[in-house]
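# Fold and geometry: a report
Chain by chain, the residues:
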Amino acid sequence: MEDVLNSECCKIPKTNRDFWVAKIRRNKERDKEEQKKLAAMGWHCITVWECELTPSKREETLESIAFTLNHIWLQDHQAKVVAYPQMDEEDMQMPMAAENEI
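Treat the numbers as computed from the prediction; the structure is a model and nothing was measured.

### Concerning the overall build of the chain
- When helices and strands are counted, the chain shows 3 helices and 0 strands.
- Counting over 102 residues, the chain shows a buried share of 7%.
- Taking all contacts inside the chain whose residues are at least 6 apart in sequence as the whole, residues at least 24 apart take part in 17%.
- Summing over all exposed atoms, the chain offers an accessible surface of approximately 9100 Å²; the carbon and sulfur share of this is 56%.

Structure representation (structure tokens):
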């Protein structure tokens, strides 16, 4: 029971405690399985808990999300470079949203 109580920031109701602990544990196990299925299809999942968006934690959470998204992009980009070794340097340049003024 302690693993559910100590992880993330869920609050277990005082009544019917065993039911809620089991339910939360099942939900977490289901979520992990669903994330594995999505990963097998090429998707990335980022879980953000409500408690991570409180004013005291929000900035840190947003920075963590930005870091994770950058890491994912770099991993995916590297995978494409390895997957297409015949591409030359010009082909691998990412298009710019706006060109610099001349």
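### Here's the deal with unusual backbone geometry
- With phi around 55°, N16 is a residue other than glycine that occupies positive phi space.
- Relative to the helices and strands, N16 resides in the loop between α1 (2-6) and α2 (17-40).

### What to know about α2
- When the terminal C-alpha atoms of α2 are compared, their 35 Å separation across 24 residues agrees well with the 34 Å that a helix rising 1.5 Å per residue should span.
- Downstream of α2 by a residue or two, G42 has a phi angle that is positive, lying close to 95°.

Rules used throughout
Residues numbered from 1 in each chain as written. Predicted model: local features only at pLDDT ≥ 70, side-chain atom pairs only at ≥ 80, totals over all residues. Heavy atoms only, no water. Helix = DSSP H or I, 4+ residues; strand = E, 2+ residues; numbered from the N terminus. Buried < 20%, exposed > 50% of the residue type's maximum accessible area, 1.4 Å probe, protein only. Contact = heavy atoms within 4.5 Å. Areas by Shrake-Rupley, 256 points an atom, 1.4 Å probe, with all protein chains shown as cover. Expected span 1.5 Å × (residues − 1).

Purely geometric stuff here, so don't read any function into it on its own.
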